[in-house]
Amino acid sequence: MGAGGRIMVTPSSKKSETEALKRGPCEKPPFTVKDLKKAIPQHCFQRSIPRSFSYLLTDITLVSCFYYVATNYFSLLPQPLSTYLAWPLYWVCQGCVLTGIWVIGHECGHHAFSDYQWVDDTVGFIFHSFLLVPYFSWKYSHRRHHSNNGSLERDEVFVPPKKAAVKWYVKYLNNPLGRILVLTVQFILGWPLYLAFNVSGRPYDGFASHFFPHAPIFKDRERLQIYISDAGILAVCYGLYCYAASQGLTAMICVYGVPLLIVNFFLVLVTFLQHTHPSLPHYDSTEWEWIRGALVTVDRDYGILNKVFHNITDTHVAHHLFATIPHYNAMEATEAIKPILGDYYHFDGTPWYVAMYREAKECLYVEPDTERGKEGVYYYNNKL
């Protein structure tokens, strides 16, 4: 295991799988945030406008090339080849690269794109709006997620229920077909439902929607920017309407709609797997503190998609500790803190398509860790 914590070296190995699923430590760590920051080379915290824009422009170029090829050459192919090969390949590739652009917008929300907040907010607003994400609304709720990660009362997203709060119908879905159904609905509708109705988010008094400026999610000083976020979404929707009126609804769905579904799929998948794992503890108000909560996340391996997604997948532990580190320095920062984190560093190399089903099966609710006398510490269970 070494200094790297729980690492699944061979996903097919039962021994290493048992190690990866073993409950992680929940006690106050023997290190501080200052200790971790000191271990990271100082240049990892430096944000470079040229370098940040180089990744964004690369993604924009790829998206433009995919669009150009699809709209100019797919119609020249024989229909079976176009329908069953070219368009599906376009959807997957375009969706993956657009997810990378979403990640860059995510960096802007954390002020990790440049040293200038106005630059970050301008870039984030433009490109998140293009992906129908209300940038400022998401930025503020996501910031609170980082401030309260791992808290059963105050975290913002993928807050696991306690056993007593499990819905009555869950037992009827706790089977292979039911899990596939739940995952399908979650991956297709999860992101828009979260933005519109706060589904899977923490409970609020009142209508909690990222599109509603007076939602209890936001503070009074933030409400003007929620209107701006909504205006950005409306502008993009109008642009899509004009495109559909000019090129046809089918064309709009093919070049934009389906890739956007791919983006939404990966956003929910990545977030779900970052914060859902049998080894991760959660805390109530009697045990929660920021550093323990920040460590309630797990790095995953998505293969080549790690790079396409700008390493948001395999450097998420470091990201929750130091959110302003740009993605191009996150791998170096992760390697620097792993020896200090030890067993507090969580990594699982299980292929994502295997892990998503396993986590849906194993992580139905949380219950107190009574075996170790930790009433305020909760771990996942699935026995209904």
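If you look the protein up in an unreviewed UniProt entry, it shows as Oleate 12-hydroxylase/desaturase from Physaria fendleri. Of the protein, the UniProt comment under Subcellular location (unreviewed entry) reads exactly: "Membrane". Entered under Pathway (unreviewed entry) in the UniProt record, the comment concerning the protein runs "Lipid metabolism; polyunsaturated fatty acid biosynthesis."

Q: An account of the packing of aromatic side chains is requested, with residue identities and associated values reported.
A: Applying the stated criterion to the full structure yields 29 aromatic pairs. A centroid spacing of 5.9 Å and a plane angle of 40 degrees characterise the contact between phenylalanine 207 and phenylalanine 212, whose relative ring orientation is tilted. In this structure, lysine 37 packs its charged tip against the face of phenylalanine 45, placed 5.5 Å from the ring centre. Lying across the ring of tryptophan 288, arginine 154 places its NZ or CZ 4.7 Å from the centre.

Q: Before we move on, can you summarise the UniProt feature "domain: Fatty acid desaturase N-terminal" (unreviewed entry) in the protein with the specific residues and values?
A: Per the UniProt record, the feature "domain: Fatty acid desaturase N-terminal" (unreviewed entry) sits at residues 21-63. Secondary structure within residues 21-63 divides into 53% helix and 0% strand; the distance between the first and last C-alpha atoms comes to 38 Å.

Q: Can you tell me about the environment of threonine 315, naming the residues and giving the values?
A: Note on placement: threonine 315 falls in the loop between α12 (305-308) and α13 (316-321). With a relative accessible area of 4%, threonine 315 lands in the buried category. Residues threonine 315 and phenylalanine 347, 32 residues apart in the sequence, show an inter-C-alpha distance of 9.6 Å. Once you skip the residues sitting within four places of it in the chain, threonine 315 turns out to touch Asp299, Ala330, Met331 and Thr334.

Q: Would you mind going over helix α8 (residues 176-197) in detail, with residue names and values included?
A: When the terminal C-alpha atoms of α8 are compared, their 28 Å separation across 22 residues is substantially less than the 32 Å that a helix rising 1.5 Å per residue should span. Of all bends in α8, the biggest is about 60 degrees, found at leucine 189, and the proline proline 192 comes one to four residues later. Every buried residue of α8 is accounted for by Gly178, Arg179, Leu183, Gln186, Phe187, Trp191, Tyr194, Leu195 and Ala196. Among the structural elements, α4 (79-109), α6 (135-147), α7 (170-173), α10 (249-275) and α15 (352-362) are those in contact with the buried residues of α8.

Q: Describe in detail a nonpolar patch on the surface, supporting the description with residues and values.
A: Judged by side-chain polarity, Leu181, Val185, Ile188, Leu189, Leu193, Phe197, Val199, Phe207, Phe212 and Leu261 come together as a nonpolar surface patch covering roughly 870 Å² of accessible area. Here the nonpolar patch gets six residues from one element, more than from any other, and that element is α8. Mapped onto the secondary structure, leucine 181 falls in helix α8.

Q: Help me get a handle on the UniProt feature "domain: Fatty acid desaturase" (unreviewed entry) in the protein, residues and values and all.
A: In the numbering used here, UniProt assigns the "domain: Fatty acid desaturase" (unreviewed entry) feature to residues 86-346. Along residues 86-346, the helical share is 61% and the strand share 2%, with 38 Å between the first and last C-alpha atoms.

Q: Please set out the environment of asparagine 174 residue by residue, giving values where relevant.
A: Here asparagine 174 shows up in the loop between α7 and α8. Once the C-alpha coordinates of asparagine 174 and isoleucine 101 are considered, the two residues, 73 residues apart in sequence, prove to be 35 Å apart. Ignoring anything within four residues of it in the chain, the contact list for asparagine 174 reads Arg179, Leu364, Asn382 and Leu384. Among the polar contacts listed, one links the side chain of asparagine 174 to the side chain of arginine 179, at a separation of 3.1 Å.

Q: Now, about the nonpolar core: what can you tell me, with residues and values included?
A: With 62 residues, the main nonpolar core has Trp102, Trp191 and Leu269 as its most contacted residues. If you list the elements that add at least two residues to this core, you get α3 (49-73), α4, α5 (117-130), α6, α8, α9 (223-247), α10 and α15. The contact partners of leucine 269, leaving out residues within four places of it in the chain, are Phe187, Tyr302, Trp352 and Met356. If you look at the next biggest cluster of nonpolar residues, it comprises 20 residues, including Phe31, Ile40, Ile291 and Ile337.

Q: Explain the side chain of threonine 334 residue by residue, including any values.
A: The topology assignment puts threonine 334 in helix α14 (residues 327-341). Among the residues examined, threonine 334 registers a relative accessible area of 2% and is labelled buried.

Q: Summarise the sheet that holds strand β1 (residues 282-283); cite the residues concerned and give the values.
A: Taken in spatial order, the three strands of this open sheet run β1-β5-β4, and their pairing is antiparallel. Unpaired on one side and paired on the other, β1 and β4 (365-369) mark the two borders of the sheet. The sheet contact formed by β1 and strand β5 (residues 374-381) spans two bridges and is antiparallel. Bridging across to β5, histidine 282 finds its partner in tyrosine 378.

Q: Explain the packing of α5 against α9 residue by residue, including any values.
A: Closest axis-to-axis distance for the α5/α9 pair is 9 Å, and the angle between their directions is 45 degrees. Considering their axes alone, α5 and α9 lie oblique with respect to each other. Regarding α5 and α9, the two cross each other, and that crossing is right-handed. Touching Phe125, Ser129 and Phe130 of α5 are Ile228, Ser229, Gly232, Ile233 and Val236, all from α9. Of the residues in the contact of α5 with α9, the class split is five nonpolar, three polar and no charged.

Q: Would you mind going over the pairing of β5 in detail, with residue names and values included?
A: Burial runs high along β5: six of the eight residues are buried. Two elements, β4 and β5, share five bridges in a ladder whose sense is antiparallel. Bridge pairing in β5 places aspartate 369 opposite lysine 374. Hairpin remark: β4 followed by β5, antiparallel, with four residues in the connecting loop; positive phi at glycine 373, about 70 degrees.

Analysis parameters
Residues numbered from 1 in each chain as written. Predicted model: local features only at pLDDT ≥ 70, side-chain atom pairs only at ≥ 80, totals over all residues. Heavy atoms only, no water. UniProt positions renumbered as here; feature names shortened; annotations may be inferred. Phe/Tyr/Trp six-rings, centres within 6.5 Å; stacked < 30°, edge-to-face > 60°. Lys NZ or Arg CZ within 6 Å of the ring centre and 35° of its normal. Helix = DSSP H or I, 4+ residues; strand = E, 2+ residues; numbered from the N terminus. Buried < 20%, exposed > 50% of the residue type's maximum accessible area, 1.4 Å probe, protein only. Contact = heavy atoms within 4.5 Å. Expected span 1.5 Å × (residues − 1). Bend = angle between axes of the 7 residues up to and from the residue. Patch = residues over 30% accessible without salt bridge, like charges linked within 9 Å, V, L, I, M, F, W, Y side chains within 5 Å. Areas by Shrake-Rupley, 256 points an atom, 1.4 Å probe, with all protein chains shown as cover. Salt bridge = Lys/Arg side-chain N within 4 Å of Asp/Glu carboxyl O. Polar contact = N/O pair within 3.5 Å; in protein donor to acceptor, adjacent residues only side chain to side chain. Core = buried A, V, L, I, M, F, W, Y, C linked by side-chain atoms within 4.5 Å. Pairing = 2+ DSSP bridges. Axes fitted to C-alpha atoms, helices over the stretch in contact; angles between N-to-C directions. Parallel < 35°, antiparallel > 145°, perpendicular 65-115°, else oblique. Left-handed = near helix turned anticlockwise from the far one by under 90°. Nonpolar A, V, L, I, M, F, W, Y, C, P; charged D, E, K, R; others polar.

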